[in-house]
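Below are the chains, spelled out letter by letter.
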Amino acid sequence: MMSVEEVMQTLESLGTEQACKTYKRHGVKGSLFGVSYADQKKLTKKIKMNHSLAQELWDTGNHDARVLALMIADPKQATGALLDHWIGDLNDYVMTDGLSGYIGQTTLGREKMDAWMRSEGEWISTVGWHILGTLARTDQALPDSYFEAYISTIEHNIHGSKNRTRFAMNNALISMGMRNATLEQKAIDAANRIGKVIVDHGDTNCKTPDAVSYIKKANDRKVEKV
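Residues numbered from 1 in each chain as written. Predicted model: local features only at pLDDT ≥ 70, side-chain atom pairs only at ≥ 80, totals over all residues. Heavy atoms only, no water.

**Q** Explanation requested: the packing of helix H4 (residues 51-58) against helix H5 (residues 63-72) in the structure shown.
**A** Helix packing geometry: the angle between the two helix axes and the distance between the axes. At a closest axis distance of 8 Å, the pairing of H4 and H5 adopts a crossing angle of 160°. Classified by the angle their axes make, H4 and H5 are roughly antiparallel. The hand of the H4/H5 crossing is left-handed. Between H4 and H5, the residues in contact are His51, Leu53, Ala54, Leu57 and Trp58 and Ala65, Arg66, Leu68, Ala69, Leu70 and Ile72, respectively. Class assignment for the residues of the contact of H4 with H5 results in nine nonpolar, one polar and one charged. (Axes fitted to C-alpha atoms, helices over the stretch in contact; angles between N-to-C directions. Helix = DSSP H or I, 4+ residues; strand = E, 2+ residues; numbered from the N terminus. Parallel < 35°, antiparallel > 145°, perpendicular 65-115°, else oblique. Left-handed = near helix turned anticlockwise from the far one by under 90°. Contact = heavy atoms within 4.5 Å. Nonpolar A, V, L, I, M, F, W, Y, C, P; charged D, E, K, R; others polar.)

**Q** Is there a simple way to think about the layout of surface pockets in this case?
**A** Summary: where empty space remains is shown by rolling a probe the size of a single water molecule over the atoms. One number sums up the size of the largest pocket: a volume of about 260 Å³. Contributing to the lining of the largest pocket are 14 residues, with Met117, Ser119, Ser125, Ser161 and Thr165 lying nearest its centre. Only helix H9 (122-138), helix H10 (144-157) and helix H11 (163-177) provide two or more residues apiece to the lining of the largest pocket. The element that contributes the greatest number of residues to the lining of the largest pocket is H10, accounting for three residues. For the lining of the largest pocket, a count of residues per class yields four nonpolar, seven polar and three charged. (1 Å grid on protein atoms, 1.4 Å probe; cavity = no way out; pocket = protein on both sides within 12 Å on 5 of 7 lines; lining within 4 Å. Points joined across faces, edges and corners; volume = space filled by probe spheres on them.)

**Q** I'm lost on the packing of helix H8 (residues 109-117) against H9 in this one. Help?
**A** Contact pair H8 / H9: the axes reach a minimum separation of 7 Å and the direction vectors enclose 140°. Put simply, H8 runs oblique to H9. Once H8 is placed against H9, the crossing between them reads as left-handed. Across the interface between the two elements, Gly109, Arg110, Met113, Trp116 and Met117 of H8 pack against Ile124, Ser125, Val127, Gly128, Trp129, Ile131, Leu132 and Leu135 of H9. Class assignment for the residues of the contact of H8 with H9 results in nine nonpolar, three polar and one charged.

**Q** Mind showing me how you'd approach the packing of aromatic side chains here?
**A** Working definition: an aromatic ring pair is given by the centre-to-centre distance plus the angle between the planes. Tallying each qualifying case throughout the model produces six aromatic pairs. For the pair Trp129 and Tyr150, a centre-to-centre distance of 6.2 Å together with 90° between the ring planes defines the contact as edge-to-face. Note that Trp129 is positioned in helix H9 and Tyr150 in helix H10, a separation of 21 residues in sequence. What makes Trp129 buried here is its relative accessible area of 4%. Between Tyr146 and Phe147, the aromatic rings sit 5.1 Å apart at their centres with planes inclined by 85°, giving edge-to-face as the arrangement. When sorted by exposure, Tyr146 lands in the same class as Phe147, which is buried. (Phe/Tyr/Trp six-rings, centres within 6.5 Å; stacked < 30°, edge-to-face > 60°. Buried < 20%, exposed > 50% of the residue type's maximum accessible area, 1.4 Å probe, protein only.)

**Q** Teacher, can you tell me more about the nonpolar core here?
**A** Counting 65 residues, the largest nonpolar core has Leu57 and Leu132 as its most contacted members. For this core, the leading source of residues is H11, giving seven residues. Filtering out sequence-adjacent residues up to four positions away, Leu57 remains in contact with Val4, Val7, Met8, Ala65, Arg66, Leu68, Ala69 and Ile72. Listed in part, the seven residues of the second largest apolar core include Ala19, Cys20, Tyr23 and Val94. (Core = buried A, V, L, I, M, F, W, Y, C linked by side-chain atoms within 4.5 Å.)

**Q** Just checking my understanding: could you explain the side chain of Asp92 for this structure?
**A** Checked against the element boundaries, Asp92 lands in the loop between helix H6 (80-88) and helix H7 (93-103). Despite its burial, Asp92 pairs with no opposite charge; the closest candidate is Lys29, at 6.0 Å N-O. One polar contact links the side chain of Asp92 to the main-chain amide nitrogen of Met95, over a distance of 2.8 Å. Not counting residues up to four positions away in its chain, the partners in contact with Asp92 are Gly27, Val28, Lys29 and Trp123. (Lys, Arg positive; Asp, Glu negative; His and termini not counted. Salt bridge = Lys/Arg side-chain N within 4 Å of Asp/Glu carboxyl O. Polar contact = N/O pair within 3.5 Å; in protein donor to acceptor, adjacent residues only side chain to side chain.)

**Q** Where do I start with the side chain of Ser161 in this structure?
**A** Considering the arrangement of structural elements, one finds Ser161 in the loop between H10 and H11. Aside from chain neighbours lying at most four places away, what touches Ser161 is Arg166 and Met169.

Pasting the structure below:
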């Protein structure tokens, strides 16, 4: 088994200045080596799942180490305390999106989601809305009524929310609109009333999807596959 020191040395050897520049354009701050996701995935295959090592890597504070940590952490061993610790360390949307993906694999996201959504912190609230989108895509046991209230909340609050929270809310609306025909119409009606959602993506080519057109195209593709 690789030690945290050996993993850090490996990550440093894999880093490139070009990747560092790219990550910084996307808002990544602090310590980073600039390791590509392709190299991260290769290293993940070598290390395999290792929850204790993941926690050590996260606590280094290094961006690349935290990316790897989320790849090798065991969702089944996640605790509420661990997720609260990790979510409190977020300071950019790249890691926020990554942590949201990991939490979506655990059993804890749904019970913590509402509190996170209501947080004044941009990154924490973003995680909450990302989790809702994950539930809309993956948890078929939940009734439409569970999601309808969130559609209304998005409609009334999205324009007054923080930058990346708006992006996550828009994506959650899209995910709910792709769930079934009933929610599709409710999400589209809400999106039409919301209008254009403005998100500052900084010095990147990223764009905010138009919810109405995205939902319609995605659902049309699903029909074509049937």
